[in-house]
Amino acid sequence: MHIYTPRIFALPALADLSEKQVTAHIGLYEGYVKHVNALREQIHHLETTDKEKNAYAIMEVRRRLGFEFNGMRMHEYYFAQFEKGHEEHIENTKLAEALIEKYGSWDAFLTHFVTVGMSRGIGWSILYHDPIANTPHVAWVSDHELGQLGSLPIILAMDMWEHAFMVDFLPSEKKKYIDAFFKNLNWTVPETRFETITIPVV
Ligand SMILES: [Fe+2]
C-alpha cells in the first residue's frame, strides 16, 4: 500500500503572515497526510478482517477519504505557491492571455477571484483551466472537496479556511489575509502549472 509522506516546503519569511501562523498551518497539512494514510489503512483492515460484517463501517470510512485526500493535496498546491518568494505576474504569459480573454482584464480576473474567495463559509477559491474547452474557471470549493471540478488542473489555490489566517487576523479581516496571500504569491508557480497542462483523454 502506498504511504503518503508530507512534502517539505522551502518557504521564505512571509509578508504579513507570521511564522507562528505558517507553522500551525503546515502542522494541519501534515495532519491531513497522516489521516489519508490512516483511513486507507483502516479500510484495508476492515476489508481483510470481515468484509461483510464491516460493510457499513467500510462505506463510512471511505466517505471520509475525499476530505482528507483533498485536504492533503490542496495544501500542497497552496504552500508551493509561496516557495522562492513573491514574484509578480508577467503580462504576456499564456496564463495572462487566457485570463484576460475570459475576464476582460487582469484586474477583472483578480477582482473575481477575490470575490469568490470572500464567499461565506470555509473552503477554497480555485482557478482551474479546462483544457478540453480551453477556458479557465474560478470556483468555490467547500471544505476541501465539495465542488471540485472533475479532472480540471488547478492553477491557483487560495485557502479560505479560518485556520489559514486566524493566528494573525480576526475572522472579520479575511480581506487583509487575501492581501497577504497575494503579497507572497509567486506567480511563476501558477504560470508554470498553466504552461504544463496536458489534455486528458475523457
Ligand atoms: Fe488550510
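None of the values given here were measured: they were computed from a predicted structure. (Residues numbered from 1 in each chain as written. Predicted model: local features only at pLDDT ≥ 70, side-chain atom pairs only at ≥ 80, totals over all residues. Heavy atoms only, no water.)

(A) Molecular detail of the overall build of the chain. Of regular secondary structure, the chain possesses 6 helices and 3 strands. In the chain, the order of α-helices and β-strands from amino to carboxyl end is α-α-α-α-β-β-β-α-α. For the chain, the C-alpha radius of gyration of 18 Å lies close to 17 Å, the compact-globule estimate for 202 residues. Counting only C-alpha atoms, the chain reaches 60 × 45 × 30 Å along its principal axes. Per-residue burial over the chain gives 44% buried out of 202 residues. Of the contacts made within the chain by residues no fewer than 6 positions apart, 70% connect residues no fewer than 24 positions apart. Roughly 10,900 Å² of accessible area belongs to the chain as shown, and the carbon and sulfur atoms make up 55% of that amount. Averaging the positions of the 19 positive and the 27 negative side-chain charges in the chain gives two centres separated by 5 Å. (Helix = DSSP H or I, 4+ residues; strand = E, 2+ residues; numbered from the N terminus. Rg over C-alpha atoms; globule rule 2.2 N^0.38 Å. Buried < 20%, exposed > 50% of the residue type's maximum accessible area, 1.4 Å probe, protein only. Contact = heavy atoms within 4.5 Å. Areas by Shrake-Rupley, 256 points an atom, 1.4 Å probe, with all protein chains shown as cover. Lys, Arg positive; Asp, Glu negative; His and termini not counted. Charge placed at Lys NZ, Arg CZ, Asp CG, Glu CD.)

(B) Inspection of the coordination of the iron ion at higher detail. Only H25 (NE2), H75 (NE2), D159 (OD) and H163 (NE2) from the protein coordinate the iron ion, and they sit 1.9 to 2.2 Å from it. What the 4 donor atoms of the iron ion show is an angle range of 86 to 129° at the metal, which sorts the shape as tetrahedral. In primary-sequence terms, the residues that donate to the iron ion follow H-x49-H-x83-D-x3-H. Overall, the relative accessible area of 0% leaves D159 in the buried class. Classification of H163 as partly exposed rests on a relative accessible area of 21%. (Donors = N, O, S within 2.8 Å, 3.2 Å for Na, K, Ca; no water. Tetrahedral: all angles 85-135°; square planar, octahedral: opposite > 155°, others 65-115°.)

(C) Geometry of the pairing of strand β2 (residues 135-142). In the sheet, strand β1 (residues 123-130) pairs with β2 via 8 bridges, with the strands oriented antiparallel. What sits directly across from D130, in β2, is T135. Between β1 and β2, which pair antiparallel in sequence order, lie 4 residues; one of them, N134, sits at a positive phi of approximately 55°. (Pairing = 2+ DSSP bridges.)

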